[in-house]
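# Summary of structural features
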Amino acid sequence: MIIKPEPSLKDLSYLIESSGLKPSDLLTMYRRMLTIRYFEETIRKIYHEGKNPFSMASGIIRGEMHLSIGQEAVAVGTLYQVRDEDVVVSTHRPHHHAIAKGVDLNRLAAEILGKVTGLCRGKGGHMHLFDKVKSFACSGIVGASFPQAAGAAFAFKYSGKDNVAIAFAGEGAANHGTFAETLNIASAWELPLILVIEDNKYADSTPKSLVMSTTFHYQRGLAYNVPSYLVDGMDVIDVYSTATKAIERARKGFGPTLIEALTYRYVGHFEGDGEEYRTKEEVEMWSSLDPIRRLENRILRLNYADNEILAKLREEARKQVQDAIDFALRSPYPDPNEALRGVFA
Amino acid sequence: MKIRGIAQSIAEAIKQEMERNDRIVVVGEDVTYWGAVFGFTMGLFEKFGRKRVFDTPITEQTFMGMAVGAATAGLHPVVSLMFVDFLGAGFDQMYNHMAKNYYMSGGQFPMPVTIITAIGGGYGDSSQHSQVLYGLFAHLPGFKVVVPSTPYDAKGLVTKALRDPNPVVVFGHKLLTGLPFLPFEGTEEEVPDEPYEVEFGKAVLRREGNDLTIISAGLMVHRSLRAAEMLQRDGISTEIIDLRTLIPLDEETIVKSAKKTGRVLIVDEDYMSYGMTGEVAFRIQAKALKDLKVPIARLAVPDVPIPFSEPLENTVIPNVERIYNEARKLYQES
Ligand SMILES: Cc1ncc(C[n+]2csc(CCOP(=O)(O)OP(=O)(O)O)c2C)c(N)n1
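Reference entry: report on the structure contained in this document. Fair warning: this is a prediction, and the values are worked out from it, not measured in the lab.

Quick look at the state of the cysteines now. All chains considered together, the criterion is met by zero disulfides over all chains. The thiol of cysteine 120 of chain A is unpaired, and the distance to the nearest cysteine sulfur, on cysteine 138 of chain A, comes to 7.9 Å.

Here you go:
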């Protein structure tokens, strides 16, 4: 609906089939997106507990909190069929990528709460999630994901493996020099790299219209001879079908692809954001494109499942999230002396 | 005017100098609606609009380089580096150019640039958003390094910076900003309405004492003052020195105090090794060794990144209790 017309029922089933998806895949995608949504909503609720009046330093979760509510389809569509050994490098807004990559939800929640059972034993926190099992990393430094993913892609190529590396970043990050530099080297060296730009229109409070010379970043990718696609980031099927082709291409050794997904974050840049830089109308307009509701409607219209089945999936997702949060809340904090250990391997 | 915290007084200084000097422009990420996140540019967008206050793309290397070029061509850029932790993304332009061009050009190109950056942890922002790092800038020849701890000093030091033809980096501690979304450990005080300068290279005695000297900067000044009150209850009279600027460094004041009390504790929120604590200790021993009753002691972040989890973060950032304990230990050693 954003960049392509909403397909008729007939065309929709054709699109789904031709991208290799089965009805059960759509249900799995729906389920994953729900997990992300519920997880983020629950983290949001807990984050604000004990923060009245609002202070980043108080409550159960301290520091900044960047949530991905609204952007679930980009993560799930891109990562639906990657392998555990395929590397994902994410950003300061990493939860949806981590969950879509299959990172253990309990340990993810525990890390965000600073517990010893967390992915990084409580040392990293929400912006610094690392999971060796799922080959997942992220950084709070904007623009850092591009070269790191390119490095992983380089290592795969060097070792003759058919794995791929995926860098996620915002449209703001793609103004950074690392984006241009990475496009150049990845293209010149034909690295198995996918760059996924999540264009949610704002970098912090700064609208892209004030700081970008092009309307879209895919235009820049083309200048580096990198096949570059604009996809509807509120449509998991559209994201998936382009991502699959890009990943396939990279695995076969044909080099990098840039995917730019048009999307929107329904919440502030971080919790506590007054959002004075955008209008309510804009938020409402994008809310009407909610990627989860959209997929749900399609599943129903295509008769892939009925309301009862969908309700069951919602129930499952809620329970999984609640279990993870309970695990995190129950877990102990690390021993304070842990702070002084682990600088060197 | 009464001002709570350093953010408003820094913004006030910039506003008044912008009124006086139309060569001053403000650039950086989110310097308009968000006042550079930590409030250092608040109100400037409302007053001067996008004609003099520019939100940049996320391009530290480029906007730092542009500041060098703009200063060479006669402007005085005020550049926001949102968190000091992001210096890496633009450091080459800062230390290889901004800090050196005047010297390398044989004095042809002064570099009037004022960088304002937020430092410090203590609110759970983890390893990439909690550092202090002024030691890096102080290590490199060519930067003046300013660390205000009170609203009065912040306004005067920034005004001074905006009249200085050299690159000056102002390090504003987040817990001293006075912004509602962060804890506040600073002061509210009367700040003159009219512009005034606070000189660089002049430390200030925040408290007089005879038994022990604590030297620090920024947030640690306030924590040291609270520790000094606890020490007072134990009958230990503590002198507190606020360095205010690391470059230039006021050797005279610190050496004088060291000679007077004979016991020195240096407290820093930057990393320990090769940092401010070592430098200040060296300067003191070089001129006051014979007056020292005990070896100089220091407390700083113990050479580990700032961890996320609260008990871990509390272990590495100096707090009132640890300052008190260190000071007591130092006193009892002699
Ligand atoms: C090098 C660097 N500069 C600035 C920041 C501060 N910062 C954090 S997120 C952000 C905006 C990022 O926008 P975008 O890349 O579009 O991602 P989004 O937040 O929209 O997901 C900025 C400026 C940072 N973390 N790192």
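Moving on, there is more to tell.
At the interface, 40 residues of chain B touch 45 residues of chain A. Summed over both sides, the interface of chain B with chain A buries roughly 3,300 Å², with 63% coming from carbon and sulfur. Among the residues of chain B in contact with chain A, Trp34, Ile58 and Phe308 of chain B are the three that bury the most area, contributing 21% of the side total. At the junction of chain B with chain A, the criterion picks out two salt bridges.

The next thing to look at is the site of the ligand. Among the 20 residues in the neighbourhood of the ligand, the closest are listed as His92, Arg93, Gly140 and Gly172 of chain A together with Glu60 of chain B. Looking at the residues close to the ligand, they fall on chains A and B. Between the ligand and valine 142 of chain A there is a distance of 3.0 Å, counted from a nitrogen atom to a backbone nitrogen or oxygen. Contacts to the ligand include histidine 269 of chain A, whose side-chain N or O atom sits 3.4 Å from an oxygen atom. With the chains in place, 97% of the 580 Å² that the ligand exposes on its own is no longer accessible. One can see that the ligand is located within the largest cavity. Partitioned by chemical class, the residues of the shell around the ligand number eight nonpolar, seven polar and five charged.

Let us look at the sheet that holds strand β10 (residues 212–216) of chain B. Residues and elements named next belong to chain B. Spatial strand order, β9-β11-β10-β13-β14: five strands in an open sheet with mixed pairing. At either margin of the open sheet sits one strand with a lone partner, and together these are β9 (204–207) and β14 (297–301). Each strand of the sheet is rotated relative to its neighbour by a mean of 25°, with strand direction disregarded. Both strand β13 (residues 264–271) and β14 contribute to a ladder of four bridges, which runs parallel. Each residue of the ladder has a partner; that of isoleucine 266, found in β14, is arginine 298. On top of the sheet, helix α8 (residues 219–233) reaches β9, β10, β11 (238–242) and β13; it is set at about 175° to β11, its chief contact.

Criteria and thresholds
- Residues numbered from 1 in each chain as written.
- Chains lettered and ligands numbered in written order.
- Predicted model: local features only at pLDDT ≥ 70, side-chain atom pairs only at ≥ 80, totals over all residues.
- Heavy atoms only, no water.
- Disulfide = S-S within 2.5 Å.
- Contact = heavy atoms within 4.5 Å.
- Buried area = accessible area lost by both parts, 1.4 Å probe.
- Salt bridge = Lys/Arg side-chain N within 4 Å of Asp/Glu carboxyl O.
- Near = heavy atom within 4 Å.
- Polar contact = N/O pair within 3.5 Å; in protein donor to acceptor, adjacent residues only side chain to side chain.
- Areas by Shrake-Rupley, 256 points an atom, 1.4 Å probe, with all protein chains shown as cover.
- 1 Å grid on protein atoms, 1.4 Å probe; cavity = no way out; pocket = protein on both sides within 12 Å on 5 of 7 lines; lining within 4 Å.
- Sits in = over half its atoms within 2 Å of the grid points.
- Nonpolar A, V, L, I, M, F, W, Y, C, P; charged D, E, K, R; others polar.
- Pairing = 2+ DSSP bridges.
- Helix = DSSP H or I, 4+ residues; strand = E, 2+ residues; numbered from the N terminus.
- Axes fitted to C-alpha atoms, helices over the stretch in contact; angles between N-to-C directions.

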